[in-house]
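Understanding the architecture of this molecule
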Amino acid sequence: MNKLSKKFIERVASNLKKYQRITLAQQKSDVAEADTVTLVKDILADVFGYDKYDELTSEHQIKATYCDLAIKIAGKLRLLVEVKSAGSSLADNHLRQVIDYGAHQGIHWVILTNAVEWRLVRIYVAKQISHEEVCRIVLADMNPKNEDHLQCLFLFAKEGLTTDAMDAFHQQAQLFNKFTVSAIIRSDAVISVVRREIRRLFPDIKVGNENLSLMVENEVIKRDTIEGDKAKEAVARMRKALNKLERAKNKATKVVVADLAS
């Protein structure tokens, strides 16, 4: 959990309700994209704390085209904002151009918004350029008295950007997700516990770890948590954590043995 400053909390409490009303009105009126850009700029300034004149740049050039808004802190480009009209629905293909530009310029974060809905997106550059949505909020649903809502709003705010809150949130999301839980459930340690519990409750049932593991993978857990790159990454992280614990355990054992021998 991020430590939220009094200034941030008071700013959100003072301005959020006003912009919740305006965004819903613009969504209903289906205003032009240019009008939504103006509204988004006001929200970035009044709710999220960016300086409208020094830190927000309109129509930032991307090769032969333009990104709707760019956020610069101390003159350094930190965040790109792609804006769609308030009445339109957001889709991943809206991000294509801005993600390609961000990846080549070393920008890791992009906001996609129609003023009503806000999506925070992380850009990855490996063998190929990819992206992942890290956080999504609907402005009208946010309650300034709700701690969880404030934490989400903080990720989009200047305070969150300058304290790397987005990266910290993303790292936690990578560790605590369905892929990590799936990998842990399928681990030998957990399968052994489940097997012991089955034998304790139902002594007549004879089941081995291998058969139980196959049942968990094929019939209990959803396939999308087992297959794909994210599932493989979760297994690798779990194994790395287990190896770290094992090394610490062995080191502690050697210290105890050394103390006893001295």
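Residues numbered from 1 in each chain as written. Predicted model: local features only at pLDDT ≥ 70, side-chain atom pairs only at ≥ 80, totals over all residues. Heavy atoms only, no water.

1. Describing the overall build of the protein chain
Looking only at helices and strands, the protein chain has 10 helices and six strands in total. Going through the 262 residues of the protein chain one by one, you find that 37% of them count as buried. Within the protein chain, residue pairs in contact and separated by at least 24 positions form 56% of the contacts whose partners lie at least 6 positions apart. When the accessible surface of the protein chain is totalled, it reaches about 15,900 Å², and 53% of it is carbon and sulfur. (Helix = DSSP H or I, 4+ residues; strand = E, 2+ residues; numbered from the N terminus. Buried < 20%, exposed > 50% of the residue type's maximum accessible area, 1.4 Å probe, protein only. Contact = heavy atoms within 4.5 Å. Areas by Shrake-Rupley, 256 points an atom, 1.4 Å probe, with all protein chains shown as cover.)

2. As for the environment of Lys-222
Looking at the element boundaries, Lys-222 is found in the loop between α9 (209–220) and α10 (229–261). Considered as a pair, Lys-222 and Lys-178 are 44 residues apart in the sequence and their alpha carbons are 9.7 Å apart.

3. Topic: the packing of helix α1 (residues 6–29) against helix α2 (residues 33–46)
Two measures define how a pair of helices packs: the angle their axes make with one another and the distance between the axes. Direction vectors running N to C along α1 and α2 enclose 170°, while the axes themselves pass 10 Å from each other. As the angle between them shows, α1 and α2 are arranged roughly antiparallel. Of the residues in α2, those touching α1 at Arg-11, Asn-15, Tyr-19, Ile-22, Thr-23 and Gln-26 are Asp-35, Thr-36, Leu-39, Asp-42, Ile-43, Ala-45 and Asp-46. Class assignment for the residues of the contact of α1 with α2 results in five nonpolar, four polar and four charged. (Axes fitted to C-alpha atoms, helices over the stretch in contact; angles between N-to-C directions. Parallel < 35°, antiparallel > 145°, perpendicular 65-115°, else oblique. Nonpolar A, V, L, I, M, F, W, Y, C, P; charged D, E, K, R; others polar.)

4. Notes on the pairing of strand β4 (residues 109–113)
In terms of residue burial, β4 counts as a mostly covered element, since five of its five residues are buried. Residues Trp-109, Ile-111 and Thr-113 point to one face of β4 and Val-110 and Leu-112 to the other, with burial holding for every one of them. Bridge count for strand β3 (residues 76–83) against β4 is four bridges, and the pairing is parallel. Bridge assignment links Glu-82 to a residue of β4, and that residue is Leu-112. In terms of handedness, the path from β3 via helix α3 (residues 96–105) over to β4 forms a crossover that is right-handed. Connecting β4 to the antiparallel partner strand β5 (residues 117–125) that follows it, the hairpin turn spans three residues, and Ala-115 within it adopts a positive phi of roughly 80°. (Pairing = 2+ DSSP bridges. Right-handed = clockwise from strand over helix to strand, strands pointing away.)

5. A short note on the packing of helix α8 (residues 188–201) against α9
Viewed as axis vectors pointing N to C, α8 and α9 meet at an angle of 105°, and their least axial separation amounts to 10 Å. Regarding the angle of α8 to α9, the classification is roughly perpendicular. Counting all contacts with α8, which are made through Ile-191, Ser-192, Val-194, Arg-195 and Ile-198, the residues of α9 involved are Asn-209, Leu-212, Ser-213 and Val-216. Here the contact of α8 with α9 is composed, by residue class, of five nonpolar, three polar and one charged.

6. Here's the deal with the nonpolar core
In terms of nonpolar packing, the biggest core is built from 37 residues, with Leu-44, Phe-48 and Trp-118 touching the most fellow members. Here Trp-118 is in contact with Val-40, Ile-43, Leu-44, Phe-48, Ile-111, Leu-112, Thr-113, Cys-135, Arg-136, Ile-137, Leu-139 and Phe-156, once residues within four sequence places are set aside. Of all hydrophobic cores here, the second largest spans 15 residues; its members include Leu-77, Leu-95, Val-98 and Tyr-101. (Core = buried A, V, L, I, M, F, W, Y, C linked by side-chain atoms within 4.5 Å.)

7. As for the environment of Leu-44
Its place among the elements puts Leu-44 in helix α2. Taking the C-alpha atoms as reference points, Leu-44 and Leu-56, 12 residues apart in sequence, are found 8.4 Å from one another. Those residues in contact with Leu-44 that lie beyond four places of it in its chain are Gly-49, Tyr-50, Leu-56, Leu-69, Ile-71, Val-81 and Trp-118.

8. Observations regarding the pattern of salt bridges
For the coordinates displayed, the defined rule picks out 12 salt bridges. The salt bridge partner of Glu-82 is Lys-84, with a shortest N-O separation of 3.4 Å. Across the pair, Lys-84 and Glu-82 agree in class, each one buried. For Glu-217, the salt bridge identified is with Arg-186, shortest N-O distance 4.0 Å. Of this pair, Glu-217 sits in helix α9 while Arg-186 sits in the loop between α7 (178–185) and α8, placing them 31 residues apart in sequence. Of the residues examined, Arg-186 reaches a relative accessible area of 14% and is grouped as buried. (Salt bridge = Lys/Arg side-chain N within 4 Å of Asp/Glu carboxyl O.)

9. Examining the state of the cysteines
Counted under the stated rule, the structure contains zero disulfides. No disulfide involves Cys-135; its nearest neighbouring cysteine sulfur is the one of Cys-152, lying 4.4 Å away. Given the relative accessible area of 7%, Cys-135 is considered buried. (Disulfide = S-S within 2.5 Å.)

10. Some points on the pairing of strand β6 (residues 129–138)
The pairing of β5 with β6 spans nine bridges and is classified as antiparallel. Residue Trp-118 lies in a different strand from β6, and its bridge partner there is Ile-137. Linking β5 back to β6 in an antiparallel pair, the connection comprises three residues.

From the geometry alone we can't say anything about function, so treat these as descriptive.
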